[in-house]
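Residue-level listing of the chains:
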Amino acid sequence: MDDDVVQRVFEEGGRDYYQQQPSTSPSILQSLPLHVSFDHGYYLLVKSIQELRSKKDGLVTVGIGGPSGSGKSSLAEKVASVIGCIVVSMENYRTGVDDGNDMDLIDFDLLVNNLEDLINGRDTFIPLFDFQGRRRIGTKAIKSSSSGVVIVDGAYALHARLRSLLDIRVAVVGGVHFSLLSKVQYDIGESCPLDSLIDSIFPLFRKHIEPDLHHAQIRINNSFVSSFREPIYKLKCKSEQIEGEHASHVFHGKEAQLDNFIEMYLRPPSASEEARINDWIKVRQSGIRYYLSLGDQRIVDKNFIIRPKAEFEVGRMTLGGLLALGYNVVVSYKRASTSVIEGNFSLSLETIDTLGETYLVLRGINRKMVGAEASRMGVNGPWITKSYLEMILERKGVPRLNTPPLSNAPNAALASNQERLITAPKPLRVSSNLVNRLEDLSQPWTRSPTKSKMEPVLATWHFVSLDPALAHGSVIATDPTSRDAVQLAPMPDSYDLDRGLLLSVQAIQALVENKGLPVIVGIGGPSGSGKTSLARKMANIVGCEVVSLESYYKSEYVKDFKYDDFSSLDLGLLSKNISDIRNCRRTKVPIFDLETGARSGFKELEVSEECGVVIFEGVYALHPDIRKSLDLWIAVVGGVHSHLISRVQRDKSRVGCFMSQNEIMTTVFPMFQQYIEPHLVHAHLKIRNDFDPVLSPESSLFVLKSNKQVAYQDILRILDPTKICSSVQNFIDIYLRLPGIPANGQLTESDSIRVRICEGRFALLIREPIREGNYIIQPKVDFDISISTVAGLLNLGYQAVAYIEASAYIYQDGKILIEVDHLQDVPSPYIQIKGVHKEVVAAAGSTLKLDGSYTTKSYLQLVLDRLPALEGSSSGIHSQQAARLQELVEYIQSQGALVDLDDSLDIVVLGSSSSSDSSPSREISPLDGVIEDMQSRIKRLERWQMINTVLWTFFMSAFVGYSLYQRKRQ
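Computed from a prediction, not measured in an experiment: that's the story for all the values here. (Residues numbered from 1 in each chain as written. Predicted model: local features only at pLDDT ≥ 70, side-chain atom pairs only at ≥ 80, totals over all residues. Heavy atoms only, no water.)

Q: Quick one: what's the story with the overall build of the chain, residue by residue and with numbers?
A: The secondary structure content of the chain amounts to 28 helices and 39 strands. Every one of the 970 residues in the chain was classed for burial, and the buried ones make up 53%. A sequence separation of at least 24 residues applies to 74% of the contacts in the chain between residues at least 6 apart. For the chain, the accessible area works out to roughly 42,700 Å², and carbon and sulfur atoms hold 50% of it. (Helix = DSSP H or I, 4+ residues; strand = E, 2+ residues; numbered from the N terminus. Buried < 20%, exposed > 50% of the residue type's maximum accessible area, 1.4 Å probe, protein only. Contact = heavy atoms within 4.5 Å. Areas by Shrake-Rupley, 256 points an atom, 1.4 Å probe, with all protein chains shown as cover.)

Below you can see the structure in the form of C-alpha cells.
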C-alpha cells in the first residue's frame, strides 16, 4: 500500500525538479524513508533543500502541513534557523473570524499569487493578521532575492491548490495533537472508536487535511509531548508587595504588551467530584485563537512554579467537540495581563476577575536569572505557589457535577460572552469513504496513536513498606517509626526522556513530602546514555547538587584508562560522603583532575533547606553496594550509547556482514551486559533516551572556521573580560574505518568513527555536520568511552586509517567559544568560532575581520588536501608518527585483551608526507618510549600554557588600563 502511495506522489505531485528534468545522480527525494521521527525529518528536509537548491535554478518552495499541535511551526522555525529562509504562515491569510469552517477563511488566491510572484523572481506583499483585533492590519514586503527558499507553514499547506507550486512536501503528525486523542480516549473509555473521536475533536482533519498529507514526500511522526527540558520558571506574589520606589519603575520607559485571556477548565465526563484537577483540560482563549493544555501541568519547588512548554493551538470546533463528548466547563475566569518582555525574561501584572486581585509575575527560562531579577526589584515575597485555579477552588470550592462553571457573578456580560464563545456547531461526521483510494489502510500512518494502542497516561508514585527481612544489610533503617520505613514502588513501564524527567522530579517531591530531607538520588546507565544531561536538568528544576562518580576515581586506574572498572571507584570515601549526607553532616566531596589523573582537592557539601537533594550520577550509580544507601534509583539507556551500536551495525551491513546489536554490544561495551545492565533492572524508574546526536536540531552548534591569522589581543577584545576563561588542550584524533565501505577512492569523515585522546581519556566525537553557506552546523555531543570500547571496534575489523595530532588554545565567555587549533605539519593555525546563536557567531567573525576567509572543510579534508604536495619531502618525523600510532593501537589491543591485528592494520598518517605502507623499514620502539614521548609533549604544552597565562594577564591589564585612561580623558 505504501509503495502505491509513494508512486502516486511522484506521478501526481507538484513541481518536483526530478520530474521536470532527468538527473544522472539519484536524488535524496527519490530514496526517502516513508515515516521518520521529528529529528530525522528535520535532517532530511535540510539535506533535501540543499540538494534541490544546488541542482536547480530559481526558488525552492517547501510546504509543511499537518493538524494543529503536530509541530509544523517548530519544524519550520528550526529549518529557517539553519537555512536562513522565508517562512510564510497561512494563519496570516485568514479573511475573518473563525465561524467553524476555517478552511473557507483562507485566502488561497492571494497565497497562490504571492508564491507565483516569488517563483518568477518578482517582489511581493504578504498579509499580516491581528488575532486580537480579528482583522487584517496590513502587508509585509518580501523581496524575491532575499532568500532562495520559501516555506509555507499551515494545516492546509499541502492542499491541491498549492501542491503544483511546491518542490518539497512535508507532512507532520503526532505531537500534542495525538496526546489529546490519547487523553480523551482514556477519559471516555474504549467504547468510542478512534475515527469517531477524530471527527468529534478535529472535525476537519479527516475531510480536508488527512487526504492531502498522503502526498507528502517526507512524513514525520512527532512523538513530542509536554516537556520540562526547557521549562518556564515563575515567581508570583500580590502586586502590593512591590516596594514604593520600585513600583514606579516596573514599566517606566518600557513598551508594555496588553493581553486579555479567558481561561476555562474542562472536567472529563466520567470524572467523579473528587477527581484531581490534573485530570482536567485547560483551554485559553485569546481573541479568535484557542490554546489547549492537558491538566494543570506544573512543578512547585520552594518559591518557584515550574511549567513545561505544553500549550498548543486548536480550532474552536475542538472545544465544541469536547463539550459534545461530555466534557463540561467547571471553572472559567478572565485574566487581564500587562507585560514587559526583555529577551527570555518577562514581567507581568495580571488581574484575575474572579479573585478581584492583581498579581506580579516574573517569568524566565533561567531559574537563577528570575530570582536575581526579583531581588534587584526589591521583591522578596511572600511568594504564592498556588495556581489561579487552586486559589479559585480554595475560595469557592470544587463545583458539583452538572453545575454552572465558577465565574465572577457580577460580570454577567462576561459570563454570557463565555457561553457564546464555547458553543460550537455539532462536529462533522465524516463517512469512511472520504479518504479517496486509501480505503485499505486499516491503520493509516496519520493516526499515530493507532486504534489498538494509545499513549499511556502518566502513572503516579506509590510507597510500599520496607520488609526488614529483605533489607540484606542495607543501611536503610527498618524501624517502622523512622523516615525510611517506606520506599518507592518501582514503575512497571519504561518512559521516554520527557516523561522520565517529569516523573523523576515528581518522585523527589513525593520523597520530600513523605520522608523529609535529605533525598539522595542515583542515576546509572552506560556511557553516553544521557545520565549527566538528565541530572543537570533535574538540578535546574529542583535546585539540588549533582555529584559525578568520576570524582571518586583512583589515580592508578585512570592512568591505565580503566574508567569502566568498578574497582576504579574509591568506595570507602563514597560511602562516607553518602553517610554524612544521610545524617545531615557537612562532608567533603573529592575533585578529580582527569588531565593530571590525580585528585586535586575537595569541595564542601552540606544538606540544608535550600539544598536538601543530592544526585549521584555515574555508570555504577545503581551498583548494589551503592544503591542500598539511595532513596531513588533511576536507570537511563539509549542516547549516544545506542547511536554507536547502530552506527557499527550500519557499517557492517554496508560491507555485507550482518551483526545483531547484542553481538556488537558484547564486543564494543564488554562491561555493560556483565556488570552494568543487571543493576539497571532494579531501578524505580527506567528511562529510554531516544536522543540522536546527529539528527537532533536541539544539540547544534554554529561554527565558523578560518585559517586567517588573528592577533591574540583581538580575540580578547570580543569576549566579556569579566567572564573570560582560557585553556590549552593537546589531542590526538584517530579515525577508524571498516574495510570495504564504498568511498570512491576518497577517505571521508562520514565513513569513519573518530576517537579523540585528550587529557588522559578517550572520547567518541560525533561529527556529521550540516554545512550551510559559511557555517558548519554540528552536534555538540562528545562522550567518553573506555579503552575497551576502542579495542572492541578494532576487534570488529575497524582499521586505524587516519591520525591527526594538534594543540588547541581555547577562549570562552559563556556566549561564544573561540578555538585556535595548531595542527602538526600544517603551517598556519585554524580559528574556530562556536556558539548556539548564529547571529552572535557571525558578529564575532565580522569583528575579527574573517569574512571571506571561511572554510567548511573538516580537518581530515584539509590535511588530505595537503598530502600530494608533501609526498616528495623528507619522511623522518612522519615515520615516527606512524610508529607512534602503530604502538598506540597495539597498546589499545593489549588492554582490551584482543588478538594481534597487525596483518590487517592499514594506517595512513595525516599531517605527514607518507603512510605506514610507504615508510622505510624500521625497528618498532618499545611502548614505554611512546608513553614518554607523549608525556614530554604534554609537559611542553603545560609550559606554553603557563607562558600563555602570564601573557594573557599582562595584555588584559594593559588593555583595561588603557581603556580607563581613555575614559578619563573623555
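Q: Could you give an account of helix 25 (residues 838-847), with specific residues and numbers?
A: Every buried residue belonging to helix 25 is among Lys838, Val841, Ala844 and Gly845, and all of these are buried. End-on, the buried residues of helix 25 take up no more than an arc of 130 degrees, which puts them together on one face. Exposed residues lying more than 90 degrees from the buried face of helix 25 are Glu839 and Thr847. Of the surrounding secondary structure, the elements contacted by the buried residues of helix 25 are helix 4 (72-83), strand 29 (700-706), strand 34 (775-779), strand 38 (830-835) and strand 39 (854-855). (Arc of directions from axis to C-beta.)

Q: Give me the lowdown on the pairing of strand 3 (residues 86-89), citing residues and values where you can.
A: A one-sided burial pattern is seen for strand 3, the buried positions being Ile86 and Val88 and the unburied ones Val87 and Ser89. Sheet topology places strand 3 next to strand 6 (residues 149-153); four bridges connect them, and they run parallel. Each bridged residue has a counterpart across the sheet, and for serine 89 the counterpart in strand 6 is aspartate 153. (Pairing = 2+ DSSP bridges.)

Q: How would you summarise the packing of helix 15 (residues 497-515) against helix 16 (residues 531-542) if you had to cite specific residues and measurements?
A: Look at helix 15 against helix 16: their axes get within 10 Å of each other, and the N-to-C directions meet at 50 degrees. The angle between helix 15 and helix 16 places the two elements in the oblique class. When the axes of helix 15 and helix 16 are compared, the crossing they make is right-handed. Every residue of helix 16 that contacts helix 15 at Leu497, Leu501, Ser504, Val505 and Ile508 is listed here: Leu534, Lys537, Met538, Ile541 and Val542. In terms of residue class, the contact of helix 15 with helix 16 is built from eight nonpolar, one polar and one charged. (Axes fitted to C-alpha atoms, helices over the stretch in contact; angles between N-to-C directions. Parallel < 35°, antiparallel > 145°, perpendicular 65-115°, else oblique. Left-handed = near helix turned anticlockwise from the far one by under 90°. Nonpolar A, V, L, I, M, F, W, Y, C, P; charged D, E, K, R; others polar.)

Q: How would you explain the environment of aspartate 714 if you had to name every residue and give the values?
A: By the secondary structure assignment, aspartate 714 is in helix 23 (residues 712-717). Once the C-alpha coordinates of aspartate 714 and threonine 847 are considered, the two residues, 133 residues apart in sequence, prove to be 8.6 Å apart. A polar contact of 2.5 Å, which involves the side chain of aspartate 714, links it to the side chain of arginine 717. (Polar contact = N/O pair within 3.5 Å; in protein donor to acceptor, adjacent residues only side chain to side chain.)

Q: Describe the sheet that holds strand 7 (residues 168-174), with residues and values.
A: Strands sit in the order 1-8-7-2-6-3 across an open sheet of six strands; the sheet is parallel. Each of the sheet's edge strands pairs with one partner strand only, and the pair in question is strand 1 (36-37) and strand 3. Bridge analysis of strand 2 (residues 60-65) against strand 7 gives four bridges, and the strand direction is parallel. Along strand 7, the bridge assignment pairs isoleucine 64 with valine 170. Seen against the sheet, helix 3 (residues 38-55) touches strand 1, strand 2, strand 6, strand 7 and strand 8 (218-222) and runs at an angle of roughly 155 degrees to strand 8. Across the sheet, helix 7 (residues 175-188) touches strand 7 and strand 8, and the angle it forms with strand 7 is around 30 degrees.

Q: Tell me about the nonpolar core, and name the residues and values.
A: Formed by 65 residues in total, the largest nonpolar core has its most connected members in Tyr552, Phe616 and Leu736. When residues no more than four places from it in sequence are discounted, the contact partners of tyrosine 552 are Val547, Ser568, Leu569, Asp570, Leu573, Leu574, Asn577, Val589, Pro590, Arg599 and Phe616. Of all hydrophobic cores here, the second largest spans 55 residues; its members include Met103, Ile126, Ile142 and Phe202. (Core = buried A, V, L, I, M, F, W, Y, C linked by side-chain atoms within 4.5 Å.)

Q: Which residues make up a nonpolar patch on the surface, and what values do they have?
A: Residues Phe959, Val960 and Leu964 make up a contiguous nonpolar surface patch of about 250 Å² in total accessible area. Secondary-structure assignment places phenylalanine 959 in helix 28 (residues 927-969). Phenylalanine 959 gets classed as partly exposed once you look at its relative accessible area, which sits at 33%. (Patch = residues over 30% accessible without salt bridge, like charges linked within 9 Å, V, L, I, M, F, W, Y side chains within 5 Å. Salt bridge = Lys/Arg side-chain N within 4 Å of Asp/Glu carboxyl O.)

Q: Could you give an account of the sheet that holds strand 21 (residues 494-496), with specific residues and numbers?
A: The strand order 21-28-27-22-26-23 describes an open sheet built from six strands, whose pairing is parallel. In this open sheet, the two edge strands, each paired with only one partner strand, are strand 21 and strand 23 (545-548). Between one strand axis and the next, the sheet turns through 25 degrees on average, direction left out of account. Of the strands in this sheet, strand 22 (519-524) and strand 26 (613-617) touch helix 18 (residues 571-582), which is tilted by about 160 degrees from strand 26.

Q: Break down the pattern of salt bridges for me, citing the residues and quoting the values.
A: Applying the stated criterion across every chain yields a total of 36 salt bridges. In this structure, glutamate 545 engages lysine 603 in a salt bridge whose closest nitrogen and oxygen atoms are separated by 3.8 Å. Taken as a pair, glutamate 545 in strand 23 and lysine 603 in strand 25 (residues 598-605) lie far apart in primary sequence, 58 residues in all. Judged by relative accessible area, which is 26%, glutamate 545 ranks as partly exposed. For lysine 603, a relative accessible area of 35% translates into the label partly exposed. Across the pair aspartate 631 and arginine 582 runs a salt bridge whose closest N-O atoms are separated by 3.2 Å. Taken together, the positions of aspartate 631 in the loop between helix 19 (624-627) and strand 27 (632-638) and arginine 582 in helix 18 put the pair 49 residues apart, joining distant regions of the chain. Overall, the relative accessible area of 18% leaves arginine 582 in the buried class. What emerges from the salt-bridge pattern is a single network uniting Glu263, Lys282, Arg335, Glu350 and Arg363.

Q: Any details on unusual backbone geometry? Residues and values, ideally.
A: Cis geometry marks the peptide bond from leucine 517 to proline 518; its omega dihedral reads 0 degrees. The backbone of lysine 849 shows a phi angle near 60 degrees, a positive value even though the residue is not glycine. Assignment of secondary structure puts lysine 849 in the loop between helix 25 and strand 39.

Q: Help me get a handle on the environment of leucine 644, residues and values and all.
A: Along the chain, leucine 644 turns up in helix 20 (residues 639-654). Excluding residues that lie within four positions of it along the chain, leucine 644 makes contacts with Val668, Phe669, Ile753, Leu764 and Thr789.

Q: Which residues make up the confidence of the model for the chain, and what are the values?
A: Taken over all residues, the pLDDT of the chain has a mean of 77, while the share at 70 or more is 75%. Low confidence marks residues 898-931, where pLDDT is under 50. Its contacts with residues over four positions away, or in another chain, come to 77 contacts. (pLDDT = per-residue confidence, 0-100.)

Q: Describe in detail helix 16, supporting the description with residues and values.
A: It helps to recall that an α-helix has 3.6 residues per turn; residues three or four apart then point in one direction. Over its 12 residues, helix 16 extends 16 Å from the first C-alpha to the last, a length consistent with the 16 Å expected when each residue adds 1.5 Å. Within helix 16, the full set of buried residues consists of Lys531, Leu534, Ala535, Met538, Ala539, Ile541 and Val542. Buried residues in helix 16, looked at end-on, bunch into an arc of 160 degrees, giving them a common side. Taken from the residues just after helix 16, glycine 543 is the one with a positive phi, measuring 65 degrees. (Expected span 1.5 Å × (residues − 1).)

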